[in-house]
Amino acid sequence: MISARAAGGYTARINGQEFVLGPGFTRPLLDSIMKARGGSGAPSSADTATLRANLQTLVTARVEANRRRQGPPTGPTQCHDITVYPAIGLAGGACGGYGLLLDIHDPANPQRIGAAADSNFSFWHSATFNNDGTKVLFSDEWGGGLQPRCRVTDKPEWGADAIFTLSGTTMGFKSYYKLPVAQTSFENCVAHNGTLIPVPGRDVMAQGWYQGGVSVFDWTDPAHPKEIAYFDRGPMDSTKLVGAGSWSAYWYNGYIISSEIARGLDIFELTPNTLLTQNEIDAAKLVHFDYLNAQDQQQLVWPASFVVARAYVDQLARSRGLPTARINAIRDALTGAERASGQARRDALSQLSTRLSTDAQASTDQPKVRMLIAVVNDLGK
């Protein structure tokens, strides 16, 4: 803007932001000034000085006149981000003061089918669906990402993620997810960009939180999201607030790529812990993308693999969905089947599938047992 003014351009402020005004706007005004004094030809320096002196008043009057014609606001006027998920025919719009649910089965004619508002949200920023399209997560970029919103004094609802379940056109709020460790007042921190990590049987997401670092969290249970891994580099400057940190954290073919505003690119690889096993990590690495566009969400599909089956067994062990003795027996059966080949492998897997069908009836996590059975059956084909 300074360079525009120095070069003789015209600028004015609209809604607090300065804009360069093009000749299509300023030329008719100069012509009017010139005609009012009875002049002709090219505008004089006095004409341009008159325009500069009155330009802001003229622009403000024009803006106010447009507002009066439009009437009172009826809803959001813009969307920050829209995430489309073509495989399920839905899109999630983070639109000013609302989270919108859109039907995009007919891409040329999208239809708004649901909306949610939240008084705890300052600025709806982005949307992420879980893989089967039964949930959607909206993030709130309170303060535009430049403010410390993860201090111990900040409410957990501020600058957080809001998780909704989806049932037809109904969006049901379940909970917030906020970075669980307080950050200092010198660290800009708020929910920002992220993607799903393809752990089969779970809804797991990596997300950048500016100087809060990278958080990997599980939102399979939408009412009780939980962090399962993290990276926090610490403040860029421990004496003053400087904009920095993870602008985004995207999973891409086995790695989490974090765009760190002040320090460059960080590349992470997950390591196992009590909340994430090596089998789950290895199963996630089986999903390969030829490209990644975080706003064009792709459906995650896992190949039939023994490591996917073992990931489900690990999850059943963690949730105590089956007794320990049965978990150990299933692991032994999978190892035996993998070592076999041909008809012997098919027979071993068929027997395991039959036993699992019996296990499912008494399991406290029947959906997970059915997922395991489907993989075992695919392996036996």
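Residues numbered from 1 in each chain as written. Predicted model: local features only at pLDDT ≥ 70, side-chain atom pairs only at ≥ 80, totals over all residues. Heavy atoms only, no water.

Draft legend 1. Local environment of the sheet that holds strand β10 (residues 170–177). Overall, antiparallel pairing links the 4 strands, which are arranged β7-β8-β9-β10 in an open sheet. Each edge of the open sheet is held by one strand with a lone partner, namely β7 (124–129) and β10. On average, each strand axis in the sheet is tilted by 25° relative to the strand beside it, whichever way the strands run. Pairing analysis gives 5 bridges linking strand β8 (residues 135–140) to strand β9 (residues 161–167), with the strands arranged antiparallel. Note on β9: the bridge partner recorded for V136 is F164. (Pairing = 2+ DSSP bridges. Helix = DSSP H or I, 4+ residues; strand = E, 2+ residues; numbered from the N terminus. Axes fitted to C-alpha atoms, helices over the stretch in contact; angles between N-to-C directions.)

Draft legend 2. Structural detail: the pairing of strand β17 (residues 264–268). The sheet contact formed by strand β16 (residues 255–260) and β17 spans 5 bridges and is antiparallel. Within the sheet, the bridge partner assigned to I256 lies in β17 and is F268. Between the antiparallel neighbours β16 and β17 lie 3 residues.

Draft legend 3. Expanded view of the side chain of S353. Inspection of the secondary structure puts S353 in helix α7 (residues 342–362). Exposure remark for S353: the relative accessible area of 9% places this residue in the buried category. Setting aside anything within four residues of it in sequence, one finds S353 in contact with I373, V376 and N377. (Buried < 20%, exposed > 50% of the residue type's maximum accessible area, 1.4 Å probe, protein only. Contact = heavy atoms within 4.5 Å.)

Draft legend 4. Region of the structure containing helix α6 (residues 324–339). Between the first and last C-alpha of α6 there are 23 Å, a value that for 16 residues agrees with the 22 Å anticipated at 1.5 Å per step. Buried within α6 are the following residues: I327, I330, A333, L334 and A337. The buried residues of α6 occupy one face: seen down the axis, they fall within an arc of 125°. Relative to its buried face, α6 has exposed residues pointing more than 90 degrees away, namely T324, A325, D332 and R339. For α6, the secondary structure elements touched by its buried residues are α5 (306–319), α7 and α8 (366–379). (Expected span 1.5 Å × (residues − 1). Arc of directions from axis to C-beta.)

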